[in-house]
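So you can see what is in the structure, the chains are spelled out below.
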2 protein chains.
Amino acid sequence: MAELTERAQTLLKALTERYIRDGQPVGSRVLARDAGLNLSPATIRNVIADLEELGLVRSPHTSAGRVPTVSGYRVFVDTLLSVQPLDNSMVGALKQSLDTTADTKDLVQKASNLLSDVTRLAGIVTLPQRKHSSLQRVEFLPLSEKKVLAVLVLDDKEVRNSILNTARHYSSAELQQFSNFLNAQFAGKDLDEVREKLLAELRETRETLDRMMATALEMADQVLGTAEQGSDYVLAGQTNLMGVTEFCDVGRLRQLFEAFNEKKEILGLLDQCVENEGVQIFIGEESGYQMLDECSLVTAPYTVKGKVIGVLGVIGPTRMAYERVIPIVDATARILRAALNSQD
Amino acid sequence: MAELTERAQTLLKALTERYIRDGQPVGSRVLARDAGLNLSPATIRNVIADLEELGLVRSPHTSAGRVPTVSGYRVFVDTLLSVQPLDNSMVGALKQSLDTTADTKDLVQKASNLLSDVTRLAGIVTLPQRKHSSLQRVEFLPLSEKKVLAVLVLDDKEVRNSILNTARHYSSAELQQFSNFLNAQFAGKDLDEVREKLLAELRETRETLDRMMATALEMADQVLGTAEQGSDYVLAGQTNLMGVTEFCDVGRLRQLFEAFNEKKEILGLLDQCVENEGVQIFIGEESGYQMLDECSLVTAPYTVKGKVIGVLGVIGPTRMAYERVIPIVDATARILRAALNSQD
DNA sequence: CTTTAGCACTCTGACGGGACGAGTGCTAAC
DNA sequence: GTTAGCACTCGTCCCGTCAGAGTGCTAAAG
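Residues numbered from 1 in each chain as written. Chains lettered and ligands numbered in written order. Predicted model: local features only at pLDDT ≥ 70, side-chain atom pairs only at ≥ 80, totals over all residues. Heavy atoms only, no water.

**Details of the interface of chain B and chain A**
A common way to state how big an interface is: give the accessible area lost once the parts meet.
Thinking step 1. Residue-level contacts link 31 residues of chain B with 30 residues of chain A.
Thinking step 2. Taken together, both faces of the contact between chain B and chain A bury some 2800 Å²; the carbon and sulfur share is 59%.
Thinking step 3. Run the count over chain B and chain A and you get zero salt bridges.
Thinking step 4. Across the contact surface, chain B and chain A share four residue pairs in polar contact (both at pLDDT 80 or more).
Thinking step 5. When contributions to the side of chain B that touches chain A are tallied by element, the ones reaching two or more residues are strand 4 (137-144), strand 5 (147-155), strand 6 (158-165), helix 10 (238-242) and helix 11 (250-262) of chain B. (Contact = heavy atoms within 4.5 Å. Buried area = accessible area lost by both parts, 1.4 Å probe. Salt bridge = Lys/Arg side-chain N within 4 Å of Asp/Glu carboxyl O. Polar contact = N/O pair within 3.5 Å; in protein donor to acceptor, adjacent residues only side chain to side chain. Helix = DSSP H or I, 4+ residues; strand = E, 2+ residues; numbered from the N terminus.)

Structure below.
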């Protein structure tokens, strides 16, 4: 692949940019004017023919211009693209919209909106994976005759409560005891570590027949069960995709939206981006999911305390303005990280 | 309007049903076969001409069949419609999917999914209006140096927490005092009543300079502020609408989806249904919102302890199977009410 | 007076051909 | 290596035609 001549590269770049701009197959004539090289259309045609040979462009039909293929886009984003640095006012604006006072869920929602607003495409942000976060404390409050409210504090920004149905009534004092016991045992530990120890203790304690501890542990187990939600994401700005000419067909659009509802597959795809540091791009069928056929996905992971805990990105047509979208996704990831890490 | 002859009614009914069934303008020939009356197409045409005069049907173009107008639909649903009673197995299935263990938010989400799944249209459920519900208790927990977690228990199913940023650190003991004080004062009272008393006390207490009480009240005020979210709704199954032939145009579809995102207008519409007991129907432009032009909305309010606290319903094309949708909406409202009222 | 048959009329949608424009590939000349 | 010229191929747009569906009207039958 590296044996593309400089000229061929320039032309592929010009062609792709042009096609991204106005969505029409690009002919040799416009390319001659557009590319800056002082060449006649005929020469251009020769070079383009080579590109076609290599599978980087193709023509939709005999006498139309050329359109980048998936490989063409790949080369374009990997080696030809000149990303526009984000101007500072933009960064400021982004930062401002993600004020740090909100809780995690809010932040994620806002980040998603932000991405979709700024790119005019669909924004997607996974909820932070909390299984590696530590348990700060647990509280139990009596709610009614046979209901107990469990409050799980994960960190400064993340609190979850769940309602437990109990076999009998528990008094405030009893519950307080439970809380104290559990906090002494588990506070500060990782959630999955807690889970593990919990099960071990549960087995052991059953044998020693310490009713109170057993109950406390069972309760804790229940809470963790409900708290350990599967991963999920927040999507925003799907309607933006309806403006895109590629999806003028309702059938296509429907497929896409149904994929969004399914979540499983999209999540699988997003999971692949977790390892990769920095911006990652899936173009069209590269994703392996054919409902994202004419879509590209631009993602970046975000971290808390150095650990990657989620992914955010933008979904749009393959024909999207990568040079604009990439820095935006990148910046948003950094800003979200900053917002999540701020401990004020 | 009541001066429709029996025959005209029968024909309008047959025509509407037929049109709902297959979406094509209905001609006199099919109507002659379909309506059960033993009349020739020619006779039918005369009657239909009268209906057109009355504005109940219209033809899309000169030599097409007829289509019901909004007024036509109105007459149809108000006086001609024979709603199918829901068979019991269906009711059972509905009940089952709304198990009562979930919390309010979950229930609402599930109800919405249910509506959309069963009707194959879009389901919509407003979140319960909680401003008339009573405050069961308040708890404050220290979270970190200058953060306090406030837990607001509204009732057995509804717990909210919010994180307060405080001016200085408060100890567990202090916070416990606050909780006790507030619970003594306000537990069991309506939320807006609490709010009112709170403001009054706040003024008074400032003068007496009781620092502790003042702080407690201020905190409570903050919590109430965050807890009193504006009304909102949960929508499900929008993708179902993409299968509907009426919305084959992406532009239309987009308008509709953007209206869903706006929420304000839809909420305004739903609010109108709160007063009305039982199922209410908006057909097409009747709603007054032109983004719902070719849509109908079938709603029913749901209650808790006798008070209407929300609305649920279905959004679909005017050409929807009312006789099926109406009982489903009705039943779902009852089932949701049962689920919300169960106090086990 | 109501119902019906017959008929002319109108409109839509599908099909097909011709003109046009865009763009290519090839060849031969620079 | 580059370019101009030219024949060729498609896709699109614009009719004109034709069949089908359904109407409105009129005149006859019940």
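What follows picks up the thread again.
**Considerations on the protein's contact with DNA strand D**
Thinking step 1. By nearness alone, 20 residues border DNA strand D, and Arg7(A), Thr43(A), His61(A), Ser28(B) and Arg66(B) come closest of all.
Thinking step 2. The sugar-phosphate share of atoms of DNA strand D within 4 Å of the protein amounts to 75%.
Thinking step 3. The backbone of Ser63(B) places a nitrogen or oxygen atom 3.2 Å from a sugar or linking oxygen of DNA strand D.
Thinking step 4. Contributions of two or more residues to the surface near DNA strand D are made by helix 3 (41-53) of chain A together with helix 3 (41-53) of chain B.
Thinking step 5. When residues of the surface near DNA strand D are assigned to their parent elements, the largest contribution, four residues, is made by helix 3 of chain A. (Near = heavy atom within 4 Å.)

**Quick look at the domain arrangement of chain A**
Residue and element names in this part refer to chain A.
Thinking step 1. According to the domain assignment, chain A contains domain 1 (6-80), domain 2 (88-129 + 231-341) and domain 3 (137-227).
Thinking step 2. Using C-alpha coordinates to define each centre, domain 1 is positioned 29 Å away from domain 2.
Thinking step 3. Per-residue buried area on domain 1 facing domain 2 is highest for Ile20, Val70 and Arg74; these three make up 55% of the total on that side.
Thinking step 4. Counting every contact that joins domain 1 to domain 2 gives one salt bridge.
Thinking step 5. A salt bridge links Glu286 to Arg74; the shortest N-O distance between them is 2.6 Å. (Domains from an automatic or database assignment.)

**As for the relation of the copies chain B and chain A**
Thinking step 1. Screw-axis analysis of chain B against chain A gives a translation of 0.1 Å along the axis, an RMSD of 0.2 Å, and a rotation angle of 180°. As the rotation angle and translation indicate, the two copies are arranged about a two-fold axis. Considering only C-alpha atoms, the residue of chain B closest to the rotation axis is Val250(B), which sits at 3.2 Å.
Thinking step 2. Mapped onto chain A, 97% of the interface residues of chain B again fall at the interface, so both copies present the same surface. (Least-squares fit on C-alpha atoms with pLDDT ≥ 70 in both.)

**Regarding the confidence of the model for chain A**
Thinking step 1. In the predicted model, chain A carries a mean pLDDT of 87, and 95% of its residues have values of at least 70.
Thinking step 2. Put simply, helix 9 (residues 211-227) of chain A is where chain A has its lowest mean pLDDT, 74, and strand 3 (residues 122-126) of chain A is where it has its highest, 97. (pLDDT = per-residue confidence, 0-100.)

**Observations regarding the pairing of strand 9 (residues 295-304) of chain B**
Residue and element names in this part refer to chain B.
Thinking step 1. Counting buried residues in strand 9 gives ten out of ten residues, a clear majority hidden from the surface.
Thinking step 2. Here strand 9 shows no split at all, with Cys295, Leu297, Thr299, Pro301 and Thr303 on one side and Ser296, Val298, Ala300, Tyr302 and Val304 on the other all buried.
Thinking step 3. Looking at chain direction, strand 8 (residues 280-283) and strand 9 are connected through four bridges and run antiparallel. Counted as the bridge partner of Ile281 is Val298 from strand 9.
Thinking step 4. Taken together, the ten bridges between strand 9 and strand 10 (residues 307-317) define a ladder with antiparallel strand orientation. (Buried < 20%, exposed > 50% of the residue type's maximum accessible area, 1.4 Å probe, protein only. Pairing = 2+ DSSP bridges.)

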